[in-house]
Amino acid sequence: MIEYSERNIRAWSMLGPSGVFGTFACEFAEADKEFVALTSDLCYFSGLNRFNTAYPDRFFNVGIAEQNMVGIAAGMAKEGMNVFASTYATFASTRVLDQVKLNMGYMNLPVKLVGLTSGFSAGILGATHMSLEDIAIMRSIPNIVLLSPADCTETMKALMAAGNMKSPVYIRMSGASRSPVVYKGNYNFQVGKAVQLREGKDIAIIATGTMVSQAVKVSEMLEEQNIFSDVFDFHTIKPIDKDTILSASNKKLIITIEEHSKIGGLGSAIAEVLAPEANRPRQLIISTEDSYPHAATYEALIKRSGLSVVQICETILNFIKEKC
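For clarity, every value in this text was computed on a predicted model and none was experimentally measured.

**Q** Describe helix α8 (residues 152-163), listing the residues and the values that go with them.
**A** Along an α-helix, a turn takes 3.6 residues, which lines up residues three or four apart on a common side. Taking 1.5 Å as the rise per residue, α8 with 12 residues should run 16 Å; its terminal C-alpha atoms sit 16 Å apart, in good agreement. Within α8, the full set of buried residues consists of Cys152, Thr153, Glu154, Thr155, Met156, Lys157, Ala158, Leu159, Met160, Ala161, Ala162 and Gly163. Two or three places before threonine 153, at the opening of α8, aspartate 151 has a side-chain oxygen 3.2 Å from that residue's backbone nitrogen.

What follows is the structure, given as structure tokens:
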């Protein structure tokens, strides 16, 4: 049984999402005898070294063959196994797209696909390893649940929830080791239901993945300017929490923040919910541009994209001054 203690949460933050996945695999496999883990030559980077040692007959490294991995995972799921398959998010959403569409979407087989190092997490390797399109791609495929946890505590929650689901799931793992902590203790995680982190009367800030911790800090900075904001963690992109979006539409402005392209991501998903509403508020989408950045460190890429706390705050203040 996973314990959401201060010590564990601190350790998970140090490990980063991949390390949390490895911890989850060992814990979940003990209780679920049908649990198996697959990877495409990423045993170490998937955090599965300890799982491989403990459960060598339930670990499968298919090599650099991501498309085959999803096909194998689908066959295992068809036979009743609880399958988690892991690779870089950029490969999970593009290189493997045909298999994801047919085996996970069309056939509705409950493969749990873990997309490692989404966003800019592997940006030092260049555009080929940046995953800025995966939300847009995955949420367009029927039947697939899309989870995008805010920190390592929520990563554990999301993995646990996925392990107990009978539907195909894509888990978008963003951030790296020494990940900022959003959740410092246990809390209620429900697939399809956003978590409200702060309350304010003026605007609503909706974020996902790594940008949730940024959103909280931005809200605190805006408060110094007498702008008070709701802050929501949308850990589930699909199914989207329509009720929370509509309840936030009484604010004068809804802001979405994401480490993803502005095309087809969280901002687009929320705009689709608001579009039919007669009295919808203005919406500001803060995200990456429709381009391929050059290789750089994570911190440099965040700043280049205008996603640092100070930059986000300035963007919001300028928008309010000009448009609201």
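Anyway, onward from the coordinates.
**Q** An account of the state of the cysteines is needed here, citing residue identities and associated values.
**A** Among covalent bonds in proteins, the disulfide is the one between the sulfur atoms of two cysteines. Counting across every chain of the model gives zero disulfides. Here cysteine 152 is not disulfide-linked; the sulfur of cysteine 26 is the nearest cysteine sulfur, at 16 Å.

**Q** Could you give an account of unusual backbone geometry, with specific residues and numbers?
**A** Here the amide bond leading from lysine 238 into proline 239 is cis, since omega sits at 5 degrees, within 30 degrees of zero. The backbone of aspartate 41 shows a phi angle near 65 degrees, a positive value even though the residue is not glycine. Mapped onto the secondary structure, aspartate 41 falls in the loop between β1 (35-39) and α3 (49-54). We classify aspartate 41 as partly exposed; its relative accessible area is 42%.

**Q** Pulling in residues and values, what's your account of the pattern of salt bridges?
**A** Enumeration over the complete set of coordinates arrives at nine salt bridges. The salt bridge involving arginine 172 is made with aspartate 134; its shortest N-O contact spans 2.9 Å. Of the two residues, arginine 172 sits in strand β6 (residues 169-174) while aspartate 134 sits in helix α7 (residues 134-139), which places them 38 residues apart along the sequence.

**Q** I'd like a description of the environment of glutamine 99, backed by residues and values.
**A** Inspection of the secondary structure assignment puts glutamine 99 in helix α6 (residues 97-106). It is 8.4 Å that separates the C-alpha atoms of glutamine 99 and asparagine 68, two residues lying 31 residues apart in sequence.

**Q** Go over the packing of helix α1 (residues 6-15) against α8, please, and point to the residues and values.
**A** Two numbers describe how α1 lies on α8: the axes approach to 8 Å, and their chain directions differ by 95 degrees. Considering the angle they form, α1 stands roughly perpendicular to α8. When α1 is examined against α8, the residues Ile9, Trp12 and Ser13 are found in contact with a partner set consisting of Cys152, Thr153 and Met156. Broken down by class, the residue content of the contact of α1 with α8 amounts to four nonpolar, two polar and no charged.

**Q** An account of the sheet that holds strand β2 (residues 59-61) is needed here, citing residue identities and associated values.
**A** Taken together, seven strands build an open sheet; the order of strands is β2-β1-β3-β4-β6-β5-β10 and the sheet is mixed. One side of each edge strand has no neighbouring strand; the edge strands of this open sheet are β2 and β10 (236-238). Going from strand to strand, the sheet's axes swing by 20 degrees on average, the running direction of each strand aside. Of the pairings in the sheet, the one linking strand β5 (residues 145-147) to β10 comprises two bridges and is antiparallel in character. If you follow leucine 147 over to β10, its bridge partner there is threonine 236.

**Q** Break down the environment of glutamine 190 for me, citing the residues and quoting the values.
**A** Structurally, the position occupied by glutamine 190 is in the loop between β6 and β7 (195-198). Beyond its immediate chain neighbours, meaning those up to four positions away, glutamine 190 contacts His235 and Thr236.

**Q** Before we move on, can you summarise the pairing of strand β11 (residues 253-261) with the specific residues and values?
**A** Within β11, nine of the nine residues are buried, leaving the element largely enclosed by the surrounding structure. Where strand β8 (residues 203-207) and β11 come together, five bridges link them in parallel fashion. Within β11, the residue paired with isoleucine 203 across the bridge is leucine 253. Where β11 and strand β12 (residues 282-288) come together, six bridges link them in parallel fashion.

**Q** Tell me about the side chain of lysine 157, residues and numbers included.
**A** Locating lysine 157 in the fold gives a position in helix α8. Buried and without a salt bridge, lysine 157 has glutamate 154 as its closest oppositely charged side chain, separated by 8.8 Å. A polar atom in the side chain of lysine 157 sits 2.5 Å from the side chain of asparagine 186. The residues contacting lysine 157, other than those within four sequence positions of it, are Tyr4, Asn186, Tyr187 and Phe189.

Rules behind the numbers
- Residues numbered from 1 in each chain as written.
- Predicted model: local features only at pLDDT ≥ 70, side-chain atom pairs only at ≥ 80, totals over all residues.
- Heavy atoms only, no water.
- Helix = DSSP H or I, 4+ residues; strand = E, 2+ residues; numbered from the N terminus.
- Expected span 1.5 Å × (residues − 1).
- Buried < 20%, exposed > 50% of the residue type's maximum accessible area, 1.4 Å probe, protein only.
- Polar contact = N/O pair within 3.5 Å; in protein donor to acceptor, adjacent residues only side chain to side chain.
- Disulfide = S-S within 2.5 Å.
- Salt bridge = Lys/Arg side-chain N within 4 Å of Asp/Glu carboxyl O.
- Axes fitted to C-alpha atoms, helices over the stretch in contact; angles between N-to-C directions.
- Parallel < 35°, antiparallel > 145°, perpendicular 65-115°, else oblique.
- Contact = heavy atoms within 4.5 Å.
- Nonpolar A, V, L, I, M, F, W, Y, C, P; charged D, E, K, R; others polar.
- Pairing = 2+ DSSP bridges.
- Lys, Arg positive; Asp, Glu negative; His and termini not counted.

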